[in-house]
Amino acid sequence: MASSQNVPSETGVENSVESLLRQIPSVDSLLSRAALCTLEERLGRPTLLAVTRDVLERLRTQIASGHSLTFPSDEALEEEITAMARARVEFSLLPVINASGVILHTNLGRAPLARECVERLAETATQYCNLEYNLEGGERGERDSHTDRLFAQLLGAERTLVVNNNAAAVLLALNSLAEGGEVVVSRGELIEIGGSFRIPDICAKSGAILREVGTTNRTRLADYAAAINERTRLLMRVHASNFRIVGFTEKPRLQELVELARQRSLMVLEDLGSGCVVDIAPLGLQEEPPVAPSLKAGVDVVTFSGDKLLGGPQAGILAGKREPLARIRRNPLFRALRVDKLTIAALEATIDLYLRGNLSAVPALRMIYMQKEEIAARAARLARRIAAH
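Scope of this entry: the structure provided in the associated data block. (Residues numbered from 1 in each chain as written. Predicted model: local features only at pLDDT ≥ 70, side-chain atom pairs only at ≥ 80, totals over all residues. Heavy atoms only, no water.)

1. Observations concerning the nonpolar core
Step number 1: In terms of nonpolar packing, the biggest core is built from 49 residues, with F151, L155, L235, V277, V291, F304 and Y354 touching the most fellow members.
Step number 2: With six residues, helix α15 (residues 341-355) is the largest single contributor of residues to this core.
Step number 3: Other than its neighbours up to four places away in sequence, V277 contacts L154, L155, P290, V291, L310 and Y354.
Step number 4: By size, the runner-up hydrophobic cluster in this structure holds 30 residues, among which are V185, V238, L318 and F334. (Core = buried A, V, L, I, M, F, W, Y, C linked by side-chain atoms within 4.5 Å. Buried < 20%, exposed > 50% of the residue type's maximum accessible area, 1.4 Å probe, protein only. Helix = DSSP H or I, 4+ residues; strand = E, 2+ residues; numbered from the N terminus. Contact = heavy atoms within 4.5 Å.)

Spelled out as structure tokens, the structure:
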């Protein structure tokens, strides 16, 4: 005969579960607690109500499944509701310390804005502005006129347009100038950058047909010339800013590519990506060509980012000759990709710093120009502050 053991019966467990479920307080009784009333004044009733219901429903599920046979106190429930409510309303985009050694880190937000940019943003964001209004003529204007005049001074560009990022700028240029036709690109420039941005994919999405020439390490002017046919619309050069091919390499000079395009009644599109507008070669960064020399060489359209070496907000800038830029602006995609008043305001403030020669006010440039000794001193100060905690 089996010995008797003190094992709770199923009926006993069920009774225990039912008893615990009956102990769950009502939402109103919890929200009437003093601490939660104070929290409701700060966060609002809808948020606190939703969180309280979620907490109680989770408790109900745990009890019903047998995972929780002990009942939390009202104080414990109050603490859980408070913590969850605060977490729900806190900003998820937070400032961090960039100790990666990479100044323009995409995952960390790329270029920090200058203080002048922040002040300009606050001024523009909190009141009306003449975004698309010509104050002198008393009529509707164009939003790109604000940055157009500044880039003309900074780069010598006949015309400039701004869209939401450089990938959009490249896509828009290709779609506007080469849809249905061929774009000739060196195989050594079919790059991929962060986020799986690939030149062949962008070209395909634009409706243009990619025509690869040369080899990975050597592409001659004759390769471009041999590829040109009645369907060719553009000769394209892409700056490989995130890698280098060294050794047995060759590519035509930009001026040679421009001259070939003129002879064949074609245009040249150059994607410079990083948006360098000052000469930083003395710092050992010879691989980052400035924008202005490309425009001076006769490139029809140059595209680059606003939030990399330029040190401004996220944006894609198209600068170049008046006629191709006018064609690009007429493209319906331009409206879909254009930027708002805040981006324009931040770009204005950034470019103004360049025009006034105040490069040290641009955080990205200031960090690039920083000497090793200054970096070491900053690291030491940071180490002391961390150690204090």
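Still more to cover.
2. Points about the sheet that holds strand β10 (residues 301-305)
Step number 1: If you trace the seven strands from one edge of the open sheet to the other, you get β3-β11-β10-β9-β8-β4-β7, paired in mixed fashion. Looking at which strands have only one partner, the edges of the open sheet turn out to be β3 (159-163) and β7 (209-213). Each strand of the sheet is rotated relative to its neighbour by a mean of 25°, with strand direction disregarded.
Step number 2: Sitting on the sheet, helix α9 (residues 199-206) touches β4 (182-186), β7, β8 (232-238) and β9 (267-273), and the angle it makes with β7 is about 145°. (Pairing = 2+ DSSP bridges. Axes fitted to C-alpha atoms, helices over the stretch in contact; angles between N-to-C directions.)

3. Remarks on helix α5 (residues 74-89)
Step number 1: Over its 16 residues, α5 extends 23 Å from the first C-alpha to the last, a length consistent with the 22 Å expected when each residue adds 1.5 Å.
Step number 2: When we look at burial in α5, the residues that qualify are L77, E78, I81, T82 and A85. The arc that holds the buried residues of α5, viewed along the axis, is 135°, so those residues lie on one side. Among the exposed residues of α5, those pointing more than 90 degrees away from its buried face are E79 and A87.
Step number 3: The inward-facing, buried residues of α5 abut α2 (27-31), α3 (34-43) and α4 (45-64). (Expected span 1.5 Å × (residues − 1). Arc of directions from axis to C-beta.)

4. Digging into the pairing of β10
Put simply, side chains in a regular strand alternate between the two faces of the sheet.
Step number 1: Most of β10 sits out of view: five of its five residues are buried.
Step number 2: Of the two faces of β10, both are covered, the one formed by V301, T303 and S305 as well as the one formed by V302 and F304.
Step number 3: With helix α12 (residues 291-296) bridging β9 and the parallel β10, this β-α-β connection has right-handed handedness.
Step number 4: Two strands pair when backbone bridges link them, and β10 and strand β11 (residues 316-320) are joined in this way by five bridges, in the antiparallel orientation. For T303, the partnering residue across the bridge sits in β11 and is L318. (Right-handed = clockwise from strand over helix to strand, strands pointing away.)

5. Some thoughts on the packing of aromatic side chains
Step number 1: Summed over the entire model, instances satisfying the criterion amount to one aromatic pair.
Step number 2: Ring plane angle 75° and centroid distance 6.2 Å describe the contact between F151 and F304, whose orientation is recorded as edge-to-face. With F151 in helix α7 (residues 145-155) and F304 in strand β10, the pair connects residues that are 153 residues apart, well separated along the chain. Here F151 and F304 have matching classes, each one buried.
Step number 3: Taking NZ or CZ as reference, R218 lies 4.0 Å from the ring centre of F248, over its face. (Phe/Tyr/Trp six-rings, centres within 6.5 Å; stacked < 30°, edge-to-face > 60°. Lys NZ or Arg CZ within 6 Å of the ring centre and 35° of its normal.)

6. Quick word on the pairing of β3
Step number 1: Among the five residues that make up β3, five are buried, leaving the element largely enclosed by the rest of the structure.
Step number 2: Here β3 pairs with β11 via five bridges, running antiparallel. If you follow R159 over to β11, its bridge partner there is G320.

7. Here's the deal with a nonpolar patch on the surface
Step number 1: Side chains of I97, L382 and I386 sit close together on the surface and give an oily, nonpolar patch of about 280 Å² of accessible area.
Step number 2: I97 gets classed as exposed once you look at its relative accessible area, which sits at 61%. (Patch = residues over 30% accessible without salt bridge, like charges linked within 9 Å, V, L, I, M, F, W, Y side chains within 5 Å. Areas by Shrake-Rupley, 256 points an atom, 1.4 Å probe, with all protein chains shown as cover. Salt bridge = Lys/Arg side-chain N within 4 Å of Asp/Glu carboxyl O.)

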